[in-house]
Amino acid sequence: MIRDDLEILTDEEVDTLIVSTRIFIFDYLKNYVVNEVIAMDIANRINNKALWKDDLENIISSTIEDIFYQLDITNCDVDKIKKVLESEYKIKITKDNPIEIIKLESN
């Protein structure tokens, strides 16, 4: 469901909705993405002789800063996002601006 009732919700209700979705995404990133990316970065740096001796915590922090803080919308492929939504989540975007969707039937 795409909401269009922002004006009738209180700030607290909006915050509650947003926080719950952000916690879900943060947990997913933490459990399935971040650790793999950091390990891959460390291995890549070792293999390319680009890792300097430091505390592991500093190396991890550096990787997080170097990689994750550089991401923005220009790093995203909208067509790939749409394909993932359709194939994995059975959601088809029919219009981008403003967004309109249809839920596809699951097999």
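Rules behind the numbers
Residues numbered from 1 in each chain as written. Predicted model: local features only at pLDDT ≥ 70, side-chain atom pairs only at ≥ 80, totals over all residues. Heavy atoms only, no water. Helix = DSSP H or I, 4+ residues; strand = E, 2+ residues; numbered from the N terminus. Rg over C-alpha atoms; globule rule 2.2 N^0.38 Å. Buried < 20%, exposed > 50% of the residue type's maximum accessible area, 1.4 Å probe, protein only. Contact = heavy atoms within 4.5 Å. Areas by Shrake-Rupley, 256 points an atom, 1.4 Å probe, with all protein chains shown as cover. Axes fitted to C-alpha atoms, helices over the stretch in contact; angles between N-to-C directions. Parallel < 35°, antiparallel > 145°, perpendicular 65-115°, else oblique. Nonpolar A, V, L, I, M, F, W, Y, C, P; charged D, E, K, R; others polar. Salt bridge = Lys/Arg side-chain N within 4 Å of Asp/Glu carboxyl O. Pairing = 2+ DSSP bridges.

**So, the overall build of the chain**
Then, in step 1: Scanning the chain for helices and strands turns up three helices and two strands.
Then, in step 2: For the chain, the sequential pattern of α-helices and β-strands runs α-α-α-β-β.
Then, in step 3: Over its C-alpha trace the chain gives a radius of gyration of 19 Å, far above what one expects of a compact globule, namely 13 Å for 107 residues.
Then, in step 4: Each of the three principal axes of the chain carries a C-alpha extent, and together these read 55 × 35 × 25 Å.
Then, in step 5: Counting across all 107 residues of the chain, residues that qualify as buried make up 10%.
Then, in step 6: The contacts in the chain between residues at least 6 apart in sequence include a share of 20% that link residues at least 24 apart.
Then, in step 7: Just so you have it, the chain exposes about 9,600 Å², and 56% of that area is on carbon and sulfur atoms.

**So, the packing of helix α1 (residues 11-47) against helix α2 (residues 56-68)**
Then, in step 1: At their nearest, the axes of α1 and α2 sit 10 Å apart, and the two run at 105° to each other. The orientation of α1 with respect to α2, classified from their angle, is roughly perpendicular. Contacts between α1 and α2 involve V34, V37, I38, D41, I42 and R45 on the former and, on the latter, L56, I59, I60, S62, T63, I64, I67 and F68.
Then, in step 2: For the contact of α1 with α2, the residue count by class is ten nonpolar, two polar and two charged.

**A short note on the pattern of salt bridges**
Then, in step 1: In this structure the tally under the stated criterion is five salt bridges.
Then, in step 2: A salt bridge links D27 to K30; its shortest N-O distance comes to 3.9 Å. With D27 and K30 both in helix α1 and three residues apart, the pair spans about one turn of that helix.
Then, in step 3: Using a relative accessible area of 31% as the deciding quantity, one classes D27 as partly exposed.
Then, in step 4: Its relative accessible area of 40% is what places K30 among the partly exposed residues.
Then, in step 5: One salt bridge connects D96 with K82, and the closest N-O pair in it is separated by 2.8 Å. Here D96 is found in the loop between β1 (91-95) and β2 (100-103), whereas its partner K82 is found in helix α3 (residues 78-89), with 14 residues between them in sequence.
Then, in step 6: A relative accessible area of 41% means that D96 is categorised as partly exposed.

**A few points about the environment of I67**
Then, in step 1: Its place among the elements puts I67 in helix α2.
Then, in step 2: Relative accessible area serves as the criterion here: at 28%, I67 is assigned to the partly exposed category.
Then, in step 3: Linking I67 and D41, residues 26 residues apart in sequence, is a C-alpha distance of 9.1 Å.
Then, in step 4: In contact with I67, other than residues within four places in its own chain, are V37 and D41.

**Considerations on the pairing of β1**
Then, in step 1: Here four bridges tie β1 to β2, and the two strands are oriented antiparallel to one another. Each bridged residue has a counterpart across the sheet, and for K92 the counterpart in β2 is I102.
Then, in step 2: Between β1 and β2, which pair antiparallel and follow one another directly, the connecting turn spans four residues.

**Some details on the environment of E7**
Then, in step 1: Summarising the element assignment, E7 is placed in the segment before α1.
Then, in step 2: With 56 residues separating them in the primary sequence, E7 and T63 have C-alpha atoms 40 Å apart.

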